[in-house]
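Chain by chain, the residues run as shown.
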Amino acid sequence: MSVVGNSEWYSEICFRGSLAMSYKIKNRLHCEQSKYQKIEVIDTESVGRFLLLDGKGMVSERDEFVYHEVMAHIPYMVKPELKKVLIIGGGDGGVAREFLRHPDVERVDLIEIDERVVEVTKQFLPEVATAFADPRLNFLPMDGIEFIKGKENEYDVAIIDSTDPEDFAEGLFTKEFYASVKKSLKDDGIMMAQTENPFLDEYNLKSIYDNLRAAYPNVQSFFAPMLVYPGVFWTFAFASKGIKGNELLASKRAEMEKMQKDLKWYNMDWHEGAFKLSNIHKRVLGFED
Ligand code: AG3
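With that settled, the discussion passes to helix α3 (residues 115–124). Turning to α3, its buried residues are Val117, Val118, Val120, Thr121 and Phe124. On the buried face of α3, the contacting elements are β3 (19–33), β4 (38–44), β5 (48–53) and β9 (137–140). The backbone nitrogen of arginine 116 has a side-chain oxygen 3.1 Å away, supplied by the residue at the start of α3, namely aspartate 114.

Another aspect to go through is the domain arrangement of the protein. Each domain of the protein was delimited in the assignment, giving domain 1 (2–60) and domain 2 (64–285). In this complex, domain 1 contributes 25 residues to the contact, which on the side of domain 2 involves 27 residues. Contact with domain 2 buries surface across domain 1, with Phe15, Tyr36 and Val59 losing the most and accounting together for 26% of the total. Put simply, domain 1 and domain 2 have three salt bridges between them. The salt bridge partner of glutamate 32 is arginine 116, with a shortest N-O separation of 2.8 Å. The interface formed by domain 1 and domain 2 contains twelve residue pairs in polar contact (both at pLDDT 80 or more). Mapped by element, the contributors of at least two residues to the side of domain 1 that touches domain 2 are β2 (7–14), β3, β4, β5 and β6 (56–60). Per-element tally for the side of domain 1 that touches domain 2: the top contributor is β3, with six residues. Taken together, the residues that form the side of domain 1 that touches domain 2 break down as 15 nonpolar, five polar and five charged.

So, on to the side chain of arginine 97. Here arginine 97 lies in helix α2 (residues 94–99). The residues contacting arginine 97, other than those within four sequence positions of it, are Glu64, Phe65, His68, Glu127, Val128, Thr130 and Ala131.

As a further point, take the environment of proline 80. Mapped onto the elements, proline 80 comes out in the loop between α1 (64–78) and β7 (84–89). C-alpha of proline 80 to C-alpha of isoleucine 243: the two residues are 163 residues apart in sequence and 9.8 Å apart in space. Excluding residues within four positions of it along the chain, proline 80 makes contact with Asp188, Ile243, Leu249 and Lys252.

Turning our attention to the site of the ligand. In the vicinity of the ligand there are 15 residues, among which Glu12, Gly57, His68, Asp92 and Asp161 approach most closely. At 2.6 Å from a nitrogen atom of the ligand is found a side-chain nitrogen or oxygen belonging to aspartate 92. Here a nitrogen atom of the ligand sits 2.7 Å away from a polar atom, N or O, in the side chain of aspartate 161. About the coverage of the ligand: the protein hides 97% of its 400 Å² of free accessible area.

All right, on to empty space enclosed by the protein then. Rolled over the atoms, a probe as big as a water molecule pinpoints where empty space is left. With the rule as written, the count across this model stands at one cavity of 30 Å³ or more. Here the largest cavity defines a volume of roughly 420 Å³. In terms of lining, the largest cavity is formed by 32 residues, of which the most central are Gly89, Gly90, Asp161, Ser162 and Thr163. For the lining of the largest cavity, the secondary-structure elements that each account for two or more residues are β5, β6, α1 and β7.

On to the pairing of strand β10 (residues 155–161), then. Counting buried positions along β10 yields seven of seven residues, so the element is predominantly enclosed. Bridging between β7 and β10 involves five bridges; their strand directions are parallel. Across the sheet, residue glycine 89 finds its bridge partner in β10, namely aspartate 161. Here five bridges tie β10 to strand β11 (residues 185–194), and the two strands are oriented parallel to one another. Across the sheet, valine 157 pairs through a bridge with isoleucine 190, a residue of β11. The parallel pair β10 and β11 is bridged by helix α5 (residues 175–184), and the resulting crossover is right-handed.

Here the focus is the packing of aromatic side chains. In this structure the tally under the stated criterion is 18 aromatic pairs. Aromatic side chains tyrosine 23 and phenylalanine 50 sit 4.9 Å apart centroid to centroid with 70 degrees between the ring planes, which places their arrangement in the edge-to-face category. Here tyrosine 23, found in strand β3, pairs with phenylalanine 50, found in strand β5; they are 27 residues apart in sequence, far enough to count as distant. Across the pair, phenylalanine 50 and tyrosine 23 agree in class, each one buried.

Criteria and cut-off values
- Residues numbered from 1 in each chain as written.
- Predicted model: local features only at pLDDT ≥ 70, side-chain atom pairs only at ≥ 80, totals over all residues.
- Heavy atoms only, no water.
- Buried < 20%, exposed > 50% of the residue type's maximum accessible area, 1.4 Å probe, protein only.
- Helix = DSSP H or I, 4+ residues; strand = E, 2+ residues; numbered from the N terminus.
- Contact = heavy atoms within 4.5 Å.
- Polar contact = N/O pair within 3.5 Å; in protein donor to acceptor, adjacent residues only side chain to side chain.
- Domains from an automatic or database assignment.
- Buried area = accessible area lost by both parts, 1.4 Å probe.
- Salt bridge = Lys/Arg side-chain N within 4 Å of Asp/Glu carboxyl O.
- Nonpolar A, V, L, I, M, F, W, Y, C, P; charged D, E, K, R; others polar.
- Near = heavy atom within 4 Å.
- Areas by Shrake-Rupley, 256 points an atom, 1.4 Å probe, with all protein chains shown as cover.
- 1 Å grid on protein atoms, 1.4 Å probe; cavity = no way out; pocket = protein on both sides within 12 Å on 5 of 7 lines; lining within 4 Å.
- Points joined across faces, edges and corners; volume = space filled by probe spheres on them.
- Pairing = 2+ DSSP bridges.
- Right-handed = clockwise from strand over helix to strand, strands pointing away.
- Phe/Tyr/Trp six-rings, centres within 6.5 Å; stacked < 30°, edge-to-face > 60°.

In structure tokens form, the structure reads like this:
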């Protein structure tokens, strides 16, 4: 924490200690040390209520919809049948909330290692956590890597909604993990993951995408701006055995035409262009021919 003038600020220090994202604090609402991490909620002038895990920004009221909408509606629009969803991480419930907007989604298994993240989000960010009241949501507090072992041909979509590739989340970016997620998917299944910021490339995104390419025949990427994540330019991976992330299904357009009026980021025009990448995005992630 730093102090500028009379006000108190929260800073996320990132890119190997070389850059900070800072927010003026209005109120500190919560702070605890769970079995896994420090969980905090602050209220800020710029981004509203803001959930932090080990000092890193995870969910803010101002921009959470971007991340949560793209993770759910992109796979929904390209996969003919989408009934069974697996979310690994995502204890705030935001991705689950977006999937559950679709009546044909029958079940969402949410595997979050830290139960306290769920409880704290329910208490302080209730609009994000609405999915926990939906009977189609099945929440299991356990390690995603353990959960996935032995699962076969079960899910239509798997979303890896993790923290950065370090500490206990590191295992969620490996070849082995991607291969077991693929096994858990049906033949036309899709896996998506958050994949960090390519500008200063703290986590070697080429190696993460190479791990994805080792497991899946089709690997694509797109970006969407996340105001509260380091450097804002945030990338996401789309991986499948064949289905392309940018081929929207004609059969789902009418439904989405109505739904997208209520969404804040996602619409089909944006989706169609999202997979066209800039040079830096292609180069850092290894998409150059
Ligand atoms: N998932 C965390 C993305 C990574 C943020 N990194 C950071 N602030 N250094 C967010 C969970 C949203 N459901």
